[in-house]
Each structure stands twice: as C-alpha cells, then as structure tokens.
Amino acid sequence: MYSASRFSPLVSVVRHTVITLPTPINISTWWNFGSLLGVCLVIQIFSGLILSLHFTAHTDLSFYVVIQSFGDVYYNWWFRAFHANGASFFFIGLYLHIARGLYYGSYVFKEVWSVGVVILLVVMASAFLGYVLPWGQMSFWGATVITSLFSALPVIGSDVVIWLWGGFSVDNATLTRFFGLHFVLPFMVAGLAGLHLFFLHDQGSSNPLGVSSDYNKVVFHHYYVLKDLVGVCFFLGPLLGLVYFNPWLLGDPENFIEGNPLVTPHHIQPEWYFLFAYAILRAVPNKLGGVVALAAAVLVLFYMPFSPKTSIKGLSFYPGGKSLFFSMIGVFFLLTWAGSKPVEEPYVVISQVLSFLYFAYFILIGPVTRIQDKLL
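Residues numbered from 1 in each chain as written. Predicted model: local features only at pLDDT ≥ 70, side-chain atom pairs only at ≥ 80, totals over all residues. Heavy atoms only, no water.

(A) Highlighting the packing of aromatic side chains. Going through the model one piece at a time under the given rule, you end up with 39 aromatic pairs. Relative to Tyr347, the ring of Trp337 has its centre 5.7 Å away and its plane inclined at 75°; by these criteria the two rings are edge-to-face. Here the residue Trp337 occupies a position in helix 13 (residues 319-339), and Tyr347 occupies one in helix 14 (residues 347-375), the gap between them amounting to ten residues. The ring of Trp31 carries the charged tip of Arg100 above its face, separated from the ring centre by 4.6 Å. (Phe/Tyr/Trp six-rings, centres within 6.5 Å; stacked < 30°, edge-to-face > 60°. Helix = DSSP H or I, 4+ residues; strand = E, 2+ residues; numbered from the N terminus. Lys NZ or Arg CZ within 6 Å of the ring centre and 35° of its normal.)

Below you can see the structure in the form of structure tokens.
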C-alpha cells in the first residue's frame, strides 16, 4: 500500500484517509456515527437508484406504480422498505452525531461544523422531497403545506410558491421537479461529506476529555476500522429487523391512500424526524413568525462556533452545562411528541413552552459554562 501510494494519488488519498490517519486514542463509541452516516448514505443512494428504475413521476401514475411494483418487480418491496426505514436511521445517526458534537464541543472546529450543518439542511430537503414521491394523501398534503410556507415571505412569497409548484397548485410539474431534485441532492450530500472529511482531517478530531491529543494518537487502521465495522453491524441489525418484521412501523397509514386535493386528512403531519421543527412552527400563531422559528430551529446550529469560549472543550467537566444539555435532549423528544398531536389545546401551549426552552438552551449554555469557569 505504501509503495503504491508513491505512484497513485488516489491510493495515497485512501491511505492517508483510512489507513495512517492519526486519531486520538481515547475517542469513544460516540465517534462511530460519522462512519455509520457514510454507510447510510451509500445505502440510500444505491437503494434509491434501484427504486428510480421502476418509478414514474406523474400524478396519475406514481401512486399506482409504487403499489404495483410491490408485486411485479422482484424484491422491490425490500428495496422500498430499506430505503424508507434507512432514511429514519439516517436521521437517528444525524441527530446523535449532532448531539455528540454539542456535548463534546466539536463545534469549535468552525469549518467542519458549518459544513456539517449544511449537510443536515440538504439531507432534510432531500428527505422531504422523497416523502412526496409516492403521492399518497400525506405526501400530497405535506407538499402543499410545506411549500405554502414560502408565501409568508414579504413581497416575493406568492411568486416563490408558484415557481416551486410550477403552476398554481401542487401538480404534475411539482412532482416531476421534486423527483429530479431528490435524485440529485444525495450526490450533493456525498460531495459535502467529502468536504466535511477534508476539514476534519485537516483540523483533527476532538476527544471526550476536550484536551489536546496531539501527543497521544494512533493510526486509524486496524483499531478504528474494526471498531467502525462493529458499529455498522450493530446499526444494520435493528434496520434489517424493522425491514423484515414491521417495515411500515414508522410510516403513516394515510399514505396508503392516493393523494386527493378534495379530501384533507384530519391531521397533517410530517415524518417523525421533522416533528420537532413542525411543533415549533405551530407554536407561533403568526405565519411569518412560525416560518422564521422553523428555520431558526436548525439554523441556530450555525451560532454554536461563535458562542462564548470555555477553558475546556465540551461539557464533560461542567455540571451545569450537562444539566442544560440533557434537559434540551428531553425537550427535543417532547417537541417530537407534541408535533404528532393535533393543533388544539393543550398541545399548542405545550409546544410554545417547549419551543421557548429549546431556544433558551443555545442562549444559556455559553454563559452557564463561563460562570463555572470563573468559579473554578
């Protein structure tokens, strides 16, 4: 491998990326999720390519093509279940990866963190576009509700919505362009992931102690390669179990009904991984305010590299910071629960309180840790 790398730039890049990369010796299992997300991305791209071979982006055909391909196309049911549930596991990995970064202070690496947040935004966009493609009831009305949010933009809102729809309602032009974008965006994610890794390897990984590990590193192979492989096995086990035993557990029954613009579902809601943001959107009675709060729920992550600096990276040695962090994790789960409930009391008030607590974390975490620095 070493002799080959002298003659091949590609071999040299692979060698320095997965073989001889200096890695902190004390990073824990929480650092496995980066490689797991890479595996998930490959799975989603491959299964999506297979599904696209038997898909027709047309409002009169999409729903029936998806249903018919279950019985007529060999193992198509498996690829669709794997793709749909793979998206859920992708977001589980993303949220855990972000939570690890918040807890251990990985956001101090500004370039790595910023590219990671952009990846999150692109993955969210791709997941939303993919959810529309089966053209079930929840797909159609989800597309209608989310795209209509752009009408809240001052002056240009209505024009933006018409441009997104390709007409005056969610119709065939909308579905066609959503399919095209859904096909392209995963490759953009792959490119951004490469940029993410470039900055990561340039700046180095953080570690659980939050101290410099320049003098205590090992090469990535064999130890961390094997560790990542074990993590992939543990990750794929539950995913395959879900695919084989209950593939539609995380789906919405309404999506087994063809999209009908004349019949509105009783309760329109997105997939579970968007429910926290959906709850924040509904918590604000003003439409423009709700859209701003929805965007801020994710964009607030860009603020973290500019939050007040502490003596030690991460929250491991800050009891107050740890309490705030785990409280925020609880708030995130409660927001997900509140987003799945109808827009009625007491869920609206609960969503408002939880939304306030969610944003309060990002405001308070810096001052709280700085106060503990001074006390120590």
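(B) Expanded view of the environment of Gly101. Summarising the element assignment, Gly101 is placed in helix 5 (residues 76-104). A relative accessible area of 2% places Gly101 in the buried class. In this structure, the C-alpha to C-alpha distance between Gly101 and Trp31, residues 70 residues apart in sequence, is 9.3 Å. (Buried < 20%, exposed > 50% of the residue type's maximum accessible area, 1.4 Å probe, protein only.)

(C) View of the domain arrangement of the protein. Partitioning the protein into domains gives domain 1 (15-250) and domain 2 (274-375). In this structure, domain 1 and domain 2 have C-alpha centres spaced 22 Å apart. The partner domain 2 presents 27 residues to the 29 residues of domain 1 that form the contact. For the domain 1 and domain 2 pair, buried surface summed over both sides reaches about 2600 Å², with 78% attributable to carbon and sulfur atoms. Taken as a group, Leu102, Tyr103 and Leu149 account for 26% of the area that domain 1 buries against domain 2, more than any other trio of residues on that side. Counting the contacts that link domain 1 with domain 2 gives zero salt bridges. (Domains from an automatic or database assignment. Contact = heavy atoms within 4.5 Å. Buried area = accessible area lost by both parts, 1.4 Å probe. Salt bridge = Lys/Arg side-chain N within 4 Å of Asp/Glu carboxyl O.)

(D) Structural detail: the packing of helix 4 (residues 62-72) against helix 5. With their axes 7 Å apart at the nearest point, helix 4 and helix 5 run at an angle of 125° to one another. Our classification of the angle between helix 4 and helix 5 gives oblique. Here Val66, Ser69 and Phe70 of helix 4 lie close against helix 5, whose contacting residues are Asn76, Trp77 and Arg80. Residues belonging to the contact of helix 4 with helix 5 are distributed by class as follows: three nonpolar, two polar and one charged. (Axes fitted to C-alpha atoms, helices over the stretch in contact; angles between N-to-C directions. Parallel < 35°, antiparallel > 145°, perpendicular 65-115°, else oblique. Nonpolar A, V, L, I, M, F, W, Y, C, P; charged D, E, K, R; others polar.)

(E) Structural view of the UniProt feature "binding site: a ubiquinone" (unreviewed entry) in the protein. UniProt's entry tags His201 with the feature "binding site: a ubiquinone" (unreviewed entry), counted in the numbering of this structure. The residues contacting His201, other than those within four sequence positions of it, are Thr17 and Leu21. (UniProt positions renumbered as here; feature names shortened; annotations may be inferred.)

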